[in-house]
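# Structural features, examined
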Amino acid sequence: MFRANNITSSGRRSVRYFSSAHRQQAKVVCALYPDPAVYPPKYARDSVPNVGLDTCPSDPWARPELTPGQLLGSVSGELGLRSWLEARGHTLVVTSDKDGPGCEFERELKDADIAISQPFWPAYITKERMEQSPNLKMCITAGIGSDHVDLEAANDRKIAVTEVTGSNVVSVAEHVVMMILGLVRNYIPSNKIATSGGWDIGECASRAYDLEGMNVGTVAAGRIGLRVMRRLHPFDVKLHYYDHHRLPEAIEKELNVTYHPTVESLVETVDVVTINCPLHPETENLFDEKLIGKMKKGAYIVNTARGKICDKNAIKAALESGQLAGYAGDVWFPQPAPADHPWRNMPHAGMTPHYSGTTLSAQARYVAGVFEILENYFEGKEQRHEYLICQDGKLAGAGKHSYTSGNTTDGSYAAASA
Ligand code: NAD
């Protein structure tokens, strides 16, 4: 037997007991990004390297259901879950229709036990949606970053929130290094000159610099931030970080990195800022006009954390005025970004859709983590501590370490319905 707490329509908390047989017939609803225009895709390589369990404890190579290197994150990929779930008597609904009142995700969530969503195509699981879904017991993030779930409302309803911590941290750290180099060396505009038949070396060079010798700082030195610094260290930059949690002294010495007790101190010092903190009430809109105004003129920002950490209009204005020399990232709000989102059309930018954490390499790892979380749930076992964001009505595990309580989904329902 296990216990679930639900809030009834009258607002009263009810405690319901489920037998393991009930658990064996769960309904799982999963929001995944649409299949690519060419499906199945023509893969560039036969597989992905087996890198071991350094960053993520769930091993995709130990899962007979998975073939690492295949597209699992789109609708037809179904995270590789269907036959595994159905063989155990569960129901799986997969959809990419996740936004607006009455969309398929919202309809199917109403009697679902478990919701799965990916940050790249987030199904915003707002308080309103939770209120309509009395059976909901767990929201799983296939990836990292659970800000698309109203964590406050989840805690009020004792809905567990889990994610696959570590699964794509190298994928993102590599992307950050690529974007920093791309901006500082003026790669994207120079590529456009070459592909459009031009040869204007002066134009390519007039915004191109070496990264060597620059001050580079990360807002947060968690799993991704630290990996970014390790990867940049050989470029002979001067490294800086700001975080609530100080790194061990040995790591500070090894990387010769300077700690800043405030974000203001960091941004006033560095030439390049990389943002690697979660989105939670403390970090929402952190990079507003005021903070950007404290940065060195001609600084760069790379944000692969979450779009809402930056004020979208302040970023565009700073690029236009020259306060910022460049901005790159793959995260937006809402997602997918509307066609008229200001970041789709701003100077000196290197924006992409949100895909840094869903490389084929990363997918195999976060899908293995989803299998593990589901297996533990069905077998009534404890979840891995680092995979927990919310449990028993409070922040737990990675959530307790990296988030503050509250909600950052505000506006998502309206924005995504527009
Ligand atoms: P992590 O939990 O290992 O590290 C997060 C760090 O942020 C922690 O050290 C924490 O102390 C710090 N932090 C939190 N709030 C802070 C604040 N107000 N000021 C300073 N530091 C603060 O997480 P991670 O694996 O490094 O991931 C970080 C975030 O990156 C995720 O939450 C997610 O939003 C984003 N992410 C994006 C992608 C992508 O595909 N673009 C993929 C993975 C993760």
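Residues numbered from 1 in each chain as written. Predicted model: local features only at pLDDT ≥ 70, side-chain atom pairs only at ≥ 80, totals over all residues. Heavy atoms only, no water.

## Concerning helix α13 (residues 312-321)
Three or four residues apart is the spacing at which side chains of an α-helix point the same way, because the helix has 3.6 residues per turn. Among all positions of α13, only Ala314, Ile315, Lys316, Ala318 and Leu319 are buried. Turning to α13, the residues buried within the fold contact α12 (289-293), β12 (299-303) and β13 (324-329). Gly322 sits one or two residues past α13 and shows a positive phi near 95 degrees. (Buried < 20%, exposed > 50% of the residue type's maximum accessible area, 1.4 Å probe, protein only. Helix = DSSP H or I, 4+ residues; strand = E, 2+ residues; numbered from the N terminus. Contact = heavy atoms within 4.5 Å.)

## Remarks on helix α9 (residues 223-232)
Listed in full, the buried residues belonging to α9 are Ile224, Gly225, Leu226, Val228, Met229 and Leu232. At its buried positions, α9 is contacted by α6 (169-184), β8 (215-219), β9 (238-242), α10 (249-255) and β11 (272-275).

## Points about the UniProt feature "domain: D-isomer specific 2-hydroxyacid dehydrogenase NAD-binding" (unreviewed entry) in the protein
When the UniProt feature table is mapped to this numbering, "domain: D-isomer specific 2-hydroxyacid dehydrogenase NAD-binding" (unreviewed entry) covers residues 177-355. Between the first and last C-alpha atoms of residues 177-355 the distance is 15 Å; the span itself is 34% helix and 17% strand. (UniProt positions renumbered as here; feature names shortened; annotations may be inferred.)

## As for the sheet that holds strand β14 (residues 349-351)
By way of backbone hydrogen bonds, the strands of a sheet pair with one another, either parallel or antiparallel. Here we have seven strands laid out as an open sheet, ordered β10-β9-β8-β11-β12-β13-β14, and parallel in their pairing. A single partner strand is all that each edge strand has here, and the edge strands are β10 (258-260) and β14. Looking at each pair of strands side by side, their axes are set apart by 15 degrees on average, direction ignored. Summarising the sheet, β8 and β9 pair through five bridges and their orientation is parallel. (Pairing = 2+ DSSP bridges. Axes fitted to C-alpha atoms, helices over the stretch in contact; angles between N-to-C directions.)

## A look at the site of the ligand
Every one of the 29 residues lining the ligand counts as a neighbour, but Asp243, His280, Glu282, Thr304 and Ser402 are closest to it. Taking Ile224, its main chain carries an N or O atom lying 2.9 Å from an oxygen atom of the ligand. In the model, an oxygen atom of the ligand is placed 2.6 Å from a nitrogen or oxygen of the Asp243 side chain. For the ligand, the accessible surface in isolation is 870 Å², of which the surrounding protein chains cover 96%. Listing elements by their share of the shell around the ligand, those giving two or more residues are α6 and α9. (Near = heavy atom within 4 Å. Polar contact = N/O pair within 3.5 Å; in protein donor to acceptor, adjacent residues only side chain to side chain. Areas by Shrake-Rupley, 256 points an atom, 1.4 Å probe, with all protein chains shown as cover.)

## Points about unusual backbone geometry
Here the amide bond leading from Tyr39 into Pro40 is cis, since omega sits at -5 degrees, within 30 degrees of zero. Tracing the backbone through its elements, the reader meets Pro40 in the loop between β3 (27-31) and α2 (82-87). Note the cis peptide between Phe333 and Pro334, where omega equals -10 degrees. The phi angle at Glu78 is positive, at roughly 50 degrees, despite the residue not being glycine. In this fold, Glu78 is placed in the loop between β3 and α2. Look at Leu79: it is not a glycine, yet its phi comes out positive at around 50 degrees. Among the structural elements, Leu79 can be located in the loop between β3 and α2.

## Digging into the environment of Gln70
Within the element layout of this structure, Gln70 appears in the loop between β3 and α2. Overall, the relative accessible area of 38% leaves Gln70 in the partly exposed class. Residue contacts for Gln70: discarding those within four places in its chain leaves Tyr43, Leu360 and Gln363.

## Some details on the pairing of β11
On any regular strand, side chains alternate: one points to one face of the sheet, the next to the other face. The side-chain alternation of β11 yields two buried faces, one formed by Val272 and Thr274 and the other by Val273 and Ile275. Bridge count for β8 against β11 is four bridges, and the pairing is parallel. Of the residues in β11, the one forming a bridge with Gly217 is Val273. By the bridge criterion, four bridges tie β11 to β12 in an arrangement that is parallel. Following the sheet pairing, Ile275 is matched in β12 by Asn303.

## Focus on the state of the cysteines
Cysteine pairs can be linked by a disulfide, which is a covalent bond between their two sulfur atoms. What the rule picks out here adds up to zero disulfides. With no disulfide of its own, Cys139 lies closest to Cys390 among cysteine sulfurs, the gap being 8.8 Å. (Disulfide = S-S within 2.5 Å.)

## Points about the pattern of salt bridges
Overall, the coordinates contain 18 salt bridges when judged by the stated rule. Linking Lys27 and Glu108 is a salt bridge whose minimum nitrogen-to-oxygen distance equals 2.6 Å. In this pair, Lys27 is assigned in strand β3 and Glu108 in helix α3 (residues 104-109), connecting sequence segments 81 residues apart. On the basis of relative accessible area, Lys27 is assigned to the buried category, the value being 12%. In this structure, Arg384 and Glu372 form a salt bridge, with 2.6 Å as the shortest nitrogen-oxygen distance. Taken together, the positions of Arg384 in the loop between α14 (360-378) and β15 (388-391) and Glu372 in helix α14 put the pair 12 residues apart, joining distant regions of the chain. Given a relative accessible area of 13%, Glu372 falls into the buried group. Overlapping salt bridges bring together Lys27, Glu108 and Asp111 as one network. (Salt bridge = Lys/Arg side-chain N within 4 Å of Asp/Glu carboxyl O.)

## What to know about the nonpolar core
Ranked by size, the top nonpolar core spans 34 residues in total, and within it Leu79, Leu81, Ile114, Ile116 and Leu374 carry the most contacts. It is α14 that provides the largest number of residues to this core, a total of nine residues. With 31 residues, the next largest nonpolar core counts Cys277, Ala299, Ala305 and Ile309 among its residues. (Core = buried A, V, L, I, M, F, W, Y, C linked by side-chain atoms within 4.5 Å.)

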